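# Structural characterization, general
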Amino acid sequence: MAEITLNIEGIDPIDFFGVNNSRFNFIKKNFPTLRMVSRGNSIKAEGSDDDLITFKEKVQSMIDHIERYGKLAEDNIEAIVQNDAPATEKKDKGPNNIIVYGNNGHVVRARTENQLQMVKESEKNDIVFAIGPAGTGKTYTAVALAVRALKDKNVKKIILTRPAVEAGESLGFLPGDLKEKIDPYLRPLYDALDDMIPADKLLYYMENRTIEVAPLAFMRGRTLDNSYVILDEAQNCSDMQLKMFLTRIGPSSKVIITGDPTQIDLPPKVKSGLGTAIRILEKVDGISTIYLNESDVVRHRLVKEIIRAYNKLSESQSKGEE
């Protein structure tokens, strides 16, 4: 069994190890084959030569992250540990699952195979349908891709929209001005943006309309060009609404449409247009569909079990109807 001692001179031990060694304990959990202890500004680790070489590279990546962003969170550690690319490749190309760096060095990345596939499909196609249950990261990944495109100057603006069907899109019965009426329905989009763009810069982008968040009804009659456009909760669009949206897209835009066919909130007599759009557009060049499932859930571990339970109920009910 080999042994190494790694020094983190120049880094505040609390920034690296965390309060009461919370981050160091998280690091140890991610390297179960190694025995390690922390002493002051150093780490002593024992294990196989190969594991120790990998560990040394990962620790250096963590130090580099702190020096660059001034912070090391658990999701940063997890991203570094789970990225298996060699150090030279990481310097040249960057981790292929990281989408964008958010506030305080927060890493926004594709956390599952299907999310990574969603990223790849968005890079190859101008329109992507991302279909899956709640908690699978559809909206969050889509917003991250839009923010990346804006930061890279591939688009001039981001447009985020969703149907406010819970209020019948009239919104008249809610108190407040128009913004106060629609904001509750657009909150998930704001939450994602809050993670990825500093508050002052986000406010600036909103004020000069570089980033626009609005109900789907406000898209009628517009041409959405040179933009990254996200239509969220598309299962709550009728055929005509979805057609209206799709025909707004300009020649220099990218679009991601997210939806969960199991959570349709439309009135009983109104049919969702999402399934129809996917079916008739599936063979169109430049349009792709990616399906996410319970294995992509990145919320509480019980969310996966909840989704499985409801899927089983739905399947049994379908068999009963047959």
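Up top is the structure.
Residues numbered from 1 in each chain as written. Predicted model: local features only at pLDDT ≥ 70, side-chain atom pairs only at ≥ 80, totals over all residues. Heavy atoms only, no water.

## Quick word on the overall build of the protein
Helix and strand counts for the protein stand at 12 helices and 11 strands. Here the protein holds 322 residues, and 48% of them are scored as buried. Within the protein, residue pairs in contact and separated by at least 24 positions form 71% of the contacts whose partners lie at least 6 positions apart. For the protein, the exposed area adds up to about 17400 Å²; of that, 49% sits on carbon and sulfur atoms. (Helix = DSSP H or I, 4+ residues; strand = E, 2+ residues; numbered from the N terminus. Buried < 20%, exposed > 50% of the residue type's maximum accessible area, 1.4 Å probe, protein only. Contact = heavy atoms within 4.5 Å. Areas by Shrake-Rupley, 256 points an atom, 1.4 Å probe, with all protein chains shown as cover.)

## A few points about the sheet that holds strand β10 (residues 254–259)
If you trace the six strands from one edge of the open sheet to the other, you get β8-β7-β9-β10-β6-β11, paired in parallel fashion. For this open sheet the edge positions go to β8 (211–215) and β11 (287–291), each flanked by a neighbour on one side alone. Going from strand to strand, the sheet's axes swing by 15° on average, the running direction of each strand aside. Pairing between strand β9 (residues 227–231) and β10: four bridges, direction parallel. The residue bridging Tyr228 from the neighbouring strand is Lys254, located in β10. Contacts between helix α6 (residues 113–124) and the sheet are confined to β6 (127–131), β9, β10 and β11, with β11 contributing the most and set at about 175° to the helix. Each of β6, β10 and β11 touches helix α11 (residues 274–281); the most contacted strand, β6, lies at about 130° to it. (Pairing = 2+ DSSP bridges. Axes fitted to C-alpha atoms, helices over the stretch in contact; angles between N-to-C directions.)

## Side note on the packing of aromatic side chains
Following the criterion strictly, the structure yields four aromatic pairs and no others. Judged by centre distance (5.2 Å) and plane angle (80°), the rings of Phe16 and Phe17 are edge-to-face. With a relative accessible area of 0%, Phe16 lands in the buried category. Geometrically, the ring pair formed by Phe17 and Phe24 is edge-to-face, given 5.4 Å between the ring centres and 80° between the ring planes. Across the pair, Phe24 and Phe17 agree in class, each one buried. Ring-pair connections join several aromatic residues into one group, and the members of that group are Phe16, Phe17 and Phe24. (Phe/Tyr/Trp six-rings, centres within 6.5 Å; stacked < 30°, edge-to-face > 60°.)

## Looking at the pattern of salt bridges
The final tally for this structure, using the stated rule, is 12 salt bridges. A salt bridge links Asp232 to Arg162; its shortest N-O distance comes to 3.6 Å. Of the two residues, Asp232 sits in the loop between β9 and α10 (239–246) while Arg162 sits in strand β7 (residues 157–162), which places them 70 residues apart along the sequence. You can call Asp232 buried: its relative accessible area is 3%. We classify Arg162 as buried; its relative accessible area is 9%. Across the pair Arg187 and Asp191 runs a salt bridge whose closest N-O atoms are separated by 3.1 Å. (Salt bridge = Lys/Arg side-chain N within 4 Å of Asp/Glu carboxyl O.)

## Concerning the packing of helix α2 (residues 22–29) against helix α4 (residues 74–82)
Two numbers describe a pair of packed helices, the interaxial angle and the distance between the axes. Here α2 crosses α4 at 25°, and the two axes come no closer than 10 Å. Considered as vectors, α2 and α4 are oriented roughly parallel to each other. The way α2 lies across α4 gives a crossing that is right-handed. Taking contact as the criterion, the partners of Ser22, Arg23, Phe26 and Ile27 in α2 are, on α4, Glu74, Ile77 and Glu78. (Parallel < 35°, antiparallel > 145°, perpendicular 65-115°, else oblique. Left-handed = near helix turned anticlockwise from the far one by under 90°.)

## Some remarks on the sheet that holds strand β3 (residues 42–47)
In space, the three strands of this open sheet follow the order β1-β3-β2, with antiparallel pairing throughout. Bordering the open sheet on either side are β1 (2–7) and β2 (35–39), each of which pairs with just one other strand. The mean inter-strand angle of the sheet, taken between neighbouring strand axes irrespective of direction, is 15°. Looking at chain direction, β1 and β3 are connected through six bridges and run antiparallel. Bridge pairing in β3 places Ile4 opposite Ala45. Each of β2 and β3 is contacted by α2, which is oriented at about 165° to β2, the strand it contacts most.

## Concerning the pairing of β2
In regular strands, side chains alternate between the two faces of the sheet. Where β2 and β3 come together, five bridges link them in antiparallel fashion. In the strand pairing of β3, Arg39 is matched with Ser42. Hairpin geometry of β2 and β3 is characterised by an intervening segment of two residues between the two adjacent antiparallel strands and by a positive phi of about 60° at Gly40.

## A word on the packing of α6 against helix α7 (residues 138–151)
Taken N-terminus to C-terminus, the directions of α6 and α7 make an angle of 40°; their axes are 11 Å apart at the nearest point. Classed by the angle they form, the pair α6 and α7 counts as oblique. As α6 packs across α7, the resulting crossing turns out to be right-handed. Between α6, through Gln115, Met118, Val119, Ser122 and Glu123, and α7, the contact on the second element is made entirely by Lys138, Thr141, Ala142, Leu145 and Arg148. Here the residues of the contact of α6 with α7 sort into four nonpolar, three polar and three charged. (Nonpolar A, V, L, I, M, F, W, Y, C, P; charged D, E, K, R; others polar.)

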